[in-house]
Amino acid sequence: MKRLLWGIVFFGSLWLVPGTFAAAQIPVSEATETCLDCHATIHPGIVADWKQSRHAQTTPKAALAAKPLARKVSAQSIPENLLNQAVGCAECHTLRPKAHADTFDHDEFKVHVVVSPKDCATCHPVEADQYSQNIMSHAWGNLANNSLYAQLQRAIIGTPEVLPTGLNFKPASPATQAETCYYCHGTRLEFKGLQTRETDLGEMDFPVIDGWPNQGVGRINLDNSRGSCAACHTRHSFSIEMARKPYTCKECHVGPDVPAFKVYASSKHGNIFSTMKQKWDFKAVPWTVGQDFTAPTCATCHISLLVDSDGEVVAERTHQMNTRLPWRIFGLPYAHAHPINPDTTTIRNKSGLPLPTDLDGTPAARFLIDAATRAERQETLQAICLQCHDQSWVQGHWRRFEKTLQETNNDTLLATQTMQRIWSQGFAQGLASKANPFDEAVERRWLDTWLLYANTTRFASAMAGGGDYGVYADGRYHLRKRMVELEEWLRLQVKLKAAHAPSSSKSKTK
Amino acid sequence: MKRLLWGIVFFGSLWLVPGTFAAAQIPVSEATETCLDCHATIHPGIVADWKQSRHAQTTPKAALAAKPLARKVSAQSIPENLLNQAVGCAECHTLRPKAHADTFDHDEFKVHVVVSPKDCATCHPVEADQYSQNIMSHAWGNLANNSLYAQLQRAIIGTPEVLPTGLNFKPASPATQAETCYYCHGTRLEFKGLQTRETDLGEMDFPVIDGWPNQGVGRINLDNSRGSCAACHTRHSFSIEMARKPYTCKECHVGPDVPAFKVYASSKHGNIFSTMKQKWDFKAVPWTVGQDFTAPTCATCHISLLVDSDGEVVAERTHQMNTRLPWRIFGLPYAHAHPINPDTTTIRNKSGLPLPTDLDGTPAARFLIDAATRAERQETLQAICLQCHDQSWVQGHWRRFEKTLQETNNDTLLATQTMQRIWSQGFAQGLASKANPFDEAVERRWLDTWLLYANTTRFASAMAGGGDYGVYADGRYHLRKRMVELEEWLRLQVKLKAAHAPSSSKSKTK
Amino acid sequence: MKRLLWGIVFFGSLWLVPGTFAAAQIPVSEATETCLDCHATIHPGIVADWKQSRHAQTTPKAALAAKPLARKVSAQSIPENLLNQAVGCAECHTLRPKAHADTFDHDEFKVHVVVSPKDCATCHPVEADQYSQNIMSHAWGNLANNSLYAQLQRAIIGTPEVLPTGLNFKPASPATQAETCYYCHGTRLEFKGLQTRETDLGEMDFPVIDGWPNQGVGRINLDNSRGSCAACHTRHSFSIEMARKPYTCKECHVGPDVPAFKVYASSKHGNIFSTMKQKWDFKAVPWTVGQDFTAPTCATCHISLLVDSDGEVVAERTHQMNTRLPWRIFGLPYAHAHPINPDTTTIRNKSGLPLPTDLDGTPAARFLIDAATRAERQETLQAICLQCHDQSWVQGHWRRFEKTLQETNNDTLLATQTMQRIWSQGFAQGLASKANPFDEAVERRWLDTWLLYANTTRFASAMAGGGDYGVYADGRYHLRKRMVELEEWLRLQVKLKAAHAPSSSKSKTK
């Protein structure tokens, strides 16, 4: 009866979906039909979302038949049993059951909750492979396995307690980790066993998963793979339109440390997007410059397969985003050339710290891409700029950008030197005292200089976002203010010390 | 002649409005026709807006005839004289003339300027009644009649003056009050008599109203009712589409104290809304999950009548928004269970202060909803989540959220304890000294911890808005920084006091 | 062959552009056809953009034939040779070749890269003339030629260096200037000669232009004209739709110093725009209130030609935006009446400083518009408000706005008096010491009060943007906090000085 009901609902609502007359021809596997029997009622939101997806409206066989540049699947071949039906619930959630620690018996099926990039790779292997080279896919480990970043995390999201010596920060709770840093970086999922729940259909068992829910870019999955395609290709429509619009990137790139969305939205490019987007085609593959869109979104410059009006390839699709990026403008603490290896935990600077630059700004060069690779990536990126701008425009922009890298790195150097004088004179306790270099009030002002304001300044420069984000909106205005405040603070301490000869400024807690 | 002109304008422009061929059939009352005679020319903006509204395109009789779940009017019956015509100017602005202090003679009519929820209740009594139980409808009194909040207001929006002892803050001017706190909370309107103005049609009398204009949620109207439906159902289209889109809520929920819009806009839900909204139906009543929309807006979770794809009710419509909210995450100064009574002026904490929590975080429990009510409200809300997410997802999210309430409350506790040490050691003058506890520089840093950063952190958590707003964008990064700064400030004062033995740190002005 | 290819591309893609069947009739000059031959392939983005522009889809002759209020060209006559073809590449980029320093030989043509308002004036002379009276057109000189602002720039965007006496700020690099202040204000372009570049078509010469790229509002062009029409009418669609949507203004008005976009987006007007914009006509000329839109955008109030539903003019088009603005709410350091002359470099306050107000708030009255002019401009602006709001609404709003000007000016006065005490007591070095009055930490806190928070407060007031931006989001909350911090800082210095008798607080570097 439920199945009958579903049939009515399914076919009855087809007219709602543009173009679904054709879609009505797409067969659904028997397994997926069983899923839909219940879930169309239990979870109507995601089922409706899926029904409007390309996964529901084509078959892998048809997808394979597209012309090379128009192909959205990259597999040479796709398993026979998946070829001639929609990519539905069962197609993804019952793939590779032995590989997933969360596979459980559900109705007649072996279902896993968390679909991973390795599942998606069945049809999209090139993208999965590229993404595994994307530094984002290592976002969990690159943060969690870096001892210095652990101290930074502790100072920011740790649990505070009052000791006789002042505030101390214990490691953050898993709950807080999951909704802060690891919301974007991805959590490490862990299968904790099955739980029996009462449902409308009687008692059923479901997996209990630590770190769930999460859709962070570097999530550690239950098949030990890394990342979540759903971070950008949001379930269950997995829409290329959504991945190409900047709101997706905004989910993790809006704060003052990485204000890409804010800068974009107030740039000329962002203005054109905001004004004209209803007229653009966000679904076309390949994506034709000028015809499908007249200004870039994030995806245009960083990911998408682009062709010009002659159909010539302007940029190959990449899911390893730094193939188009010579510089990593996120300061650690200095902007630097992109790391060679997406796993950055092995990087050591000349002081032995797990940082891509030394505290004096020297890059840990052997871990970073060289000048030739940078030149190549710069050329790949600029090929896109040149679709609308001439050489002198692009070069003029780029010169300013690299000058800003240099200048903001110099700002970081000066601020860091002040901080080092503060540490060396004992007014704060840093690494040399085996203390957390990020947790005291003055250390946090130093963090502001490079983690917030130098970063915002560089994003504004890189994206030609100009004016406000380069100055008053978390830019140089605040950067220089904090630099001067650091100096003032040091002078005050010196003055106070002179007056109160032998008194330590703070007993530091580990 | 003007009337003739209006007829031409009215009918001549009908083709502009989609579907107005039908609308052309809707009769307009003679009174409203008289209004339109002049106002279509004098105020073309609002007249055009009204013409595109449902009020202009249907009759109450037709509205009453809708099927139960599709009904937009909740009255059992509507006065005969209103039944068979559009809801036009006169229908609202001449209702209940004796009840409105601003009723004045205008042409041949008794007109009042400010339409109130009690007027709207003629057709929408259930909504008006629910709204009267909404804490928002008491927003004026809850702020204006709370002696402690009066001190907070004075410190923030008061008029500064320099006394020999330093800056003092006098109460804010009515103009400033009206465009700051009371812009959202609502002003108290007062009829001050009539004013004669020269108009194109000769001398005419118009009411003078103190506190006007205003459309705040808790406005005290001239019929002594509370609130303004136009806060969300913007005049004169009163569009359900507008009320359901998040831009309406943004009008009052964008600052760091209540950053709901910012968090939403950078959440997964907000991303889906921003990308897909053109394809959604924002006018359907009831609102069908999956079919009409594929991700929630503010209204979805907090207000709207939702049904699933079987037409079963998922959530009843409510205009008392906390029927779906167990916790009030806005810290006063701690997050707490929602108040039982929308009038919060009677609440007293154990210290006798008009606050829902004590300064040590203990809730003023007898004024707040109990665990059973919280459980019920949580279930009501989660029923919506479960339309797209499974139990383990929803529970995982909720566990994190409640942990964040606990942790941010603990942050507030630690910051408040530091502040109390500062007060008790005489470095600032707080309540015990009968001084304003919010006006000194250090007290304002304490305000930052709970009023801005703990609040932003909780909004990010509640709405699964994740990453940035939980950390660098007004979240924990800043919260912990201020906590440490408070500590540092206290240490500095102690040190300075030791050096300058008998000198008071500040002469406090009341 | 390329030309043939282009023909195919051009006509083949016409069906993509709405209404291009007609457009196909528009002839393109032979010169422009030559440009397109190559550039359609080399720069497909801008060519596609242009093809969708009105410039490509009409002829000047047709444009001249429009009814007066609908005319988009303001020239009485247009040169014969331009009349009967599209306004294409060559029409603009080869105009007045002798006037442009960057004119170079390109193929068979004398081409200049930078099209200026004087070029646009061929068809749009009234707009170009009005714009030359717009204070924006002088944005470069008003900043660059003001000695006091030079010190402000140096403190904010200058290059820091460490001297024995502390941080010193050298003048900013041209690269940094170009992507900060002058990104919006406009750069001064300078032709530096020709450069030979290898291209797909062999070696070619191109001009080298200092200050390029730039599209700031007060750019100094290579024909010595001022400004860039492309700042708002973005190349190469030059769309009136884009200029009328607020995203254009956001490019330069989003920071806390001039947060017009943020305030708008959270105002009632912004809410209506965000919700309803798809239904509005952003291209209609004239722009009919109520019919084409139901809430104002930036352009509505400040620029556009508006008519009411009777076709009567509500506001004449102006490209001198302050014809509708009595007050300049951007504090320098106080809000003041608008300057008479758009070139503000000649203004001197009573102390001889190049500021429109004295440090005690007295306006430099003889350089500013008088009360009669202000009344006239106020009336011009309010005529627009009155299309949707009645007199009492508008007056009520305006009273609050002017009260806020008064009150925030008083805040600036108090903060400035504290700063003056700090200078006079030698705790910081200001103008009297011939030092930069903006570069020390405490001076930067003073800057915050008037440059960021008083400004944001005034924008929130002016645009009825209310609540959050008037208080917690860069408004009074932060303004009063900084005022109190200034006071606290002074008290601390006094106390420290008392303890350490003869020690200078800081050795100041010039």
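None of these values were measured; they are calculated from a predicted model.

**Remarks on the overall build of chain A**
Okay, so step 1: A count of helical and extended segments in chain A gives 24 helices and 11 strands.
Okay, so step 2: The globule rule puts the C-alpha radius of gyration for 510 residues at 24 Å, and the 26 Å found for chain A is close to it.
Okay, so step 3: Each of the 510 residues in chain A was classed as buried or not, and the buried ones make up 61%.
Okay, so step 4: If you sum the accessible surface of chain A, you get close to 19,800 Å²; carbon and sulfur atoms cover 57% of it.

**Let's talk about the relation of the copies chain C and chain A**
Okay, so step 1: When chain C is fitted onto chain A, the two copies agree to an RMSD of 0.0 Å after a turn of 120 degrees and an axial shift of 0.0 Å. Within this description, the copies of the chain are treated as partners about a three-fold rotation axis.

**Examining the relation of the copies chain C and chain B**
Okay, so step 1: Under the fitted operation, chain C is carried onto chain B by 0.0 Å of movement along the axis and a turn of 120 degrees, and the coordinates agree to an RMSD of 0.0 Å.
Okay, so step 2: Little of the interface of chain C is mirrored in chain B, where only 2% of its interface residues are also at the interface.

**Some words on the sheet that holds strand S9 (residues 313–315) of chain A**
All names here are of chain A.
Okay, so step 1: Across the sheet, 3 strands lie side by side as S7-S8-S9; this open sheet has mixed pairing. At either margin of the open sheet sits one strand with a lone partner, and together these are strand S7 (287–288) and S9.
Okay, so step 2: Direction of pairing for strand S8 (residues 306–307) relative to S9: antiparallel, over a ladder of 2 bridges. Bridge assignment links Leu-306 to a residue of S9, and that residue is Ala-315.

**Quick notes on the sheet that holds strand S7 (residues 287–288) of chain B**
Residues and elements named next belong to chain B.
Okay, so step 1: In spatial order, the strands read S7-S8-S9; together these 3 strands make up an open sheet with mixed pairing. Only two strands of the sheet have a single partner each, and these edge strands are S7 and strand S9 (313–315).
Okay, so step 2: Of the strand pairs in this sheet, S7 and strand S8 (residues 306–307) are connected by 2 bridges, and their pairing is parallel. Across the sheet, Thr-288 pairs through a bridge with Val-307, a residue of S8.

**Some words on the interface of chain C and chain B**
Often, the extent of an interface is quoted as the loss of accessible area on bringing the components together.
Okay, so step 1: Contact residues are listed per partner, giving 62 residues for chain C and 79 residues for chain B.
Okay, so step 2: When the two sides are added together, the surface that chain C and chain B hide from each other amounts to roughly 5,900 Å², 57% of it contributed by carbon and sulfur.
Okay, so step 3: On the chain C side of the contact with chain B, Lys268(C), Trp393(C) and Arg400(C) bury the most area, a combined 13% of that side's loss.
Okay, so step 4: Applying the counting criterion to the chain C and chain B interface returns 6 salt bridges.
Okay, so step 5: Among the ionic pairs, Glu488(C) bridges to Arg445(B), the shortest N-O distance being 3.2 Å.
Okay, so step 6: For the pair chain C and chain B, the number of links is 29 residue pairs in polar contact (both at pLDDT 80 or more).
Okay, so step 7: When residues of the side of chain C that touches chain B are assigned to their parent elements, the largest contribution, 15 residues, is made by helix H24 (residues 476–499) of chain C.
Okay, so step 8: Residues belonging to the side of chain C that touches chain B are distributed by class as follows: 20 nonpolar, 24 polar and 18 charged.

**Observations concerning the side chain of Gln130(C)**
Okay, so step 1: Counting through the fold element by element, Gln130(C) comes out in helix H10 (residues 125–132).
Okay, so step 2: Separated by 2.9 Å, the side chain of Gln130(C) and the backbone nitrogen of His319(C) make a polar contact.

**A few points about the interface of chain C and chain A**
Okay, so step 1: Chain C puts 81 residues into the contact, and the matching count from chain A is 62 residues.
Okay, so step 2: Roughly 5,900 Å² of surface becomes buried between chain C and chain A when both sides are summed, with 57% attributable to carbon and sulfur atoms.
Okay, so step 3: For the pair chain C and chain A, the number of links is 6 salt bridges.
Okay, so step 4: For Glu485(A), the salt bridge is made with Arg445(C), and the minimal N-O distance between the two is 3.9 Å.

**Things to note about the pattern of salt bridges**
Okay, so step 1: Inspection of the entire model under this criterion finds 57 salt bridges over all chains.
Okay, so step 2: Taking the shortest distance from any N to any O, the salt bridge between Arg480(B) and Asp411(B) comes out at 3.3 Å. Of this pair, Arg480(B) sits in helix H24 (residues 476–499) while Asp411(B) sits in helix H21 (residues 391–424), and the two are 69 residues apart along the sequence. Judged on exposure class, the residue Arg480(B) and its partner Asp411(B) are both buried.
Okay, so step 3: Here the salt bridges share partners, and the residues they tie into one network are Arg445(A), Asp448(B), Arg482(B), Glu485(B), Glu488(B) and Lys481(C).

**With respect to the state of the cysteines**
Okay, so step 1: Within the structure shown, the criterion is met by 3 disulfides over all chains.
Okay, so step 2: Sulfur-sulfur distance for the disulfide between Cys184(B) and Cys252(B) comes to 2.2 Å. What sets the handedness of the Cys184(B) and Cys252(B) disulfide is the S-S torsion sign, and at about -100 degrees it is left-handed. Remark: Cys252(B) occurs in the loop between helix H16 (246–250) and helix H17 (260–265) and Cys184(B) occurs in helix H14 (residues 181–185); sequence separation between them is 68 residues.
Okay, so step 3: For Cys184(B), a relative accessible area of 10% corresponds to the buried category.
Okay, so step 4: The thiol of Cys181(A) is unpaired, and the distance to the nearest cysteine sulfur, on Cys184(A), comes to 9.2 Å.
Okay, so step 5: Its sulfur unpaired, Cys38(C) is 8.9 Å from the next cysteine sulfur, which belongs to Cys35(C).

**What to know about the packing of helix H3 (residues 30–42) of chain C against helix H4 (residues 44–51) of chain C**
Residues and elements named next belong to chain C.
Okay, so step 1: Taken N-terminus to C-terminus, the directions of H3 and H4 make an angle of 115 degrees; their axes are 6 Å apart at the nearest point. Contacts between H3 and H4 involve Leu-36, His-39, Ala-40, Thr-41 and Ile-42 from the former and Pro-44, Val-47 and Trp-50 from the latter.
Okay, so step 2: Among the residues forming the contact of H3 with H4, the class breakdown is 6 nonpolar, 2 polar and no charged.

**Digging into the packing of aromatic side chains**
Residues and elements named next belong to chain A.
Okay, so step 1: A complete count under the given rule lists 48 aromatic pairs over all chains for this structure.
Okay, so step 2: Ring centres of Trp-398 and Phe-401 lie 5.1 Å apart, and the angle between their planes is 75 degrees; this geometry places the pair in the edge-to-face category. One end of the pair, Trp-398, and the other, Phe-401, are both in helix H21 (residues 391–424), 3 residues apart, so they sit about a helical turn from each other.
Okay, so step 3: Among the aromatic residues, those joined into a ring-pair cluster are Tyr-247, Phe-261, Tyr-264, Phe-273, Trp-280, Phe-282, Trp-287 and Phe-293.
Okay, so step 4: Here Lys-245 stacks its cationic end above the ring of Phe-282, 4.9 Å away from the centre of that ring.
Okay, so step 5: The aromatic ring of Phe-169 is capped on one face by Arg-444, whose charged end is 5.1 Å from the ring centroid.

**A look at the domain arrangement of chain A**
Okay, so step 1: In terms of domain boundaries, chain A breaks down into domain 1 (1–93), domain 2 (96–238) and domain 3 (320–498).
Okay, so step 2: Between domain 1 of chain A and domain 3 of chain A, the C-alpha centre-to-centre distance is 47 Å.

**So, unusual backbone geometry**
Okay, so step 1: Residues Arg235(A) and His236(A) are joined by a peptide bond in cis, for which omega reads -5 degrees.
Okay, so step 2: When you line up the elements, His236(A) lands in the loop between strand S6 (202–210) and helix H15 (240–244).
Okay, so step 3: Omega for the bond connecting Leu332(B) with Pro333(B) falls within 30 degrees of zero, at -15 degrees, which places this linkage in the cis form.
Okay, so step 4: Within the secondary structure layout, Pro333(B) lies in the loop between strand S10 (327–328) and strand S11 (336–337).
Okay, so step 5: Here the phi dihedral of Lys434(C) falls at roughly 55 degrees; this positive angle occurs in a residue that is not glycine.
Okay, so step 6: By the element assignment, Lys434(C) lies in the loop between helix H21 (391–424) and helix H22 (441–462).

**Considering a negative patch on the surface**
Okay, so step 1: The grouping of Glu30(A), Glu33(A), Asp107(A) and Glu108(A) at the surface amounts to a negative patch.
Okay, so step 2: According to the relative accessible area criterion, Glu33(A) is partly exposed, its value standing at 30%.

**Things to note about the pairing of strand S3 (residues 159–163) of chain C**
Side chains on a regular strand alternate between the two faces of the sheet.
Residues and elements named next belong to chain C.
Okay, so step 1: In terms of strand pairing, S3 meets strand S4 (residues 166–170) through 5 bridges, oriented antiparallel. For Leu-163, the partnering residue across the bridge sits in S4 and is Gly-166.
Okay, so step 2: Turn length for the S3-S4 hairpin, with the two strands adjacent in sequence and antiparallel, is 2 residues.

**Brief notes about the environment of Gln429(B)**
Residue and element names in this part refer to chain B.
Okay, so step 1: Locating Gln-429 in the fold gives a position in the loop between H21 and helix H22 (441–462).
Okay, so step 2: Under the relative-accessibility criterion, Gln-429 is labelled buried at 15%.
Okay, so step 3: In sequence terms Gln-429 and Met-321 are 108 residues apart; their C-alpha atoms lie 38 Å from each other.

**Some remarks on H24(B)**
Okay, so step 1: Between its terminal C-alpha atoms H24(B) stretches 35 Å, which fits the 34 Å expected from 24 residues at 1.5 Å a residue.
Okay, so step 2: Buried residues dominate H24(B), accounting for 18 of its 24 residues.

**Describing the side chain of Lys481(A)**
Okay, so step 1: For Lys481(A), the position within the fold is in helix H24 (residues 476–499).
Okay, so step 2: Since its relative accessible area comes to 3%, Lys481(A) is described here as buried.
Okay, so step 3: Not counting chain neighbours up to four residues away, the residues in contact with Lys481(A) comprise Arg444(C), Arg445(C), Asp448(C) and Arg482(C).

What counts, and at which threshold
- Residues numbered from 1 in each chain as written.
- Chains lettered and ligands numbered in written order.
- Predicted model: local features only at pLDDT ≥ 70, side-chain atom pairs only at ≥ 80, totals over all residues.
- Heavy atoms only, no water.
- Helix = DSSP H or I, 4+ residues; strand = E, 2+ residues; numbered from the N terminus.
- Rg over C-alpha atoms; globule rule 2.2 N^0.38 Å.
- Buried < 20%, exposed > 50% of the residue type's maximum accessible area, 1.4 Å probe, protein only.
- Areas by Shrake-Rupley, 256 points an atom, 1.4 Å probe, with all protein chains shown as cover.
- Least-squares fit on C-alpha atoms with pLDDT ≥ 70 in both.
- Contact = heavy atoms within 4.5 Å.
- Pairing = 2+ DSSP bridges.
- Buried area = accessible area lost by both parts, 1.4 Å probe.
- Salt bridge = Lys/Arg side-chain N within 4 Å of Asp/Glu carboxyl O.
- Polar contact = N/O pair within 3.5 Å; in protein donor to acceptor, adjacent residues only side chain to side chain.
- Nonpolar A, V, L, I, M, F, W, Y, C, P; charged D, E, K, R; others polar.
- Disulfide = S-S within 2.5 Å.
- Axes fitted to C-alpha atoms, helices over the stretch in contact; angles between N-to-C directions.
- Phe/Tyr/Trp six-rings, centres within 6.5 Å; stacked < 30°, edge-to-face > 60°.
- Lys NZ or Arg CZ within 6 Å of the ring centre and 35° of its normal.
- Domains from an automatic or database assignment.
- Patch = residues over 30% accessible without salt bridge, like charges linked within 9 Å, V, L, I, M, F, W, Y side chains within 5 Å.
- Lys, Arg positive; Asp, Glu negative; His and termini not counted.
- Charge placed at Lys NZ, Arg CZ, Asp CG, Glu CD.
- Expected span 1.5 Å × (residues − 1).

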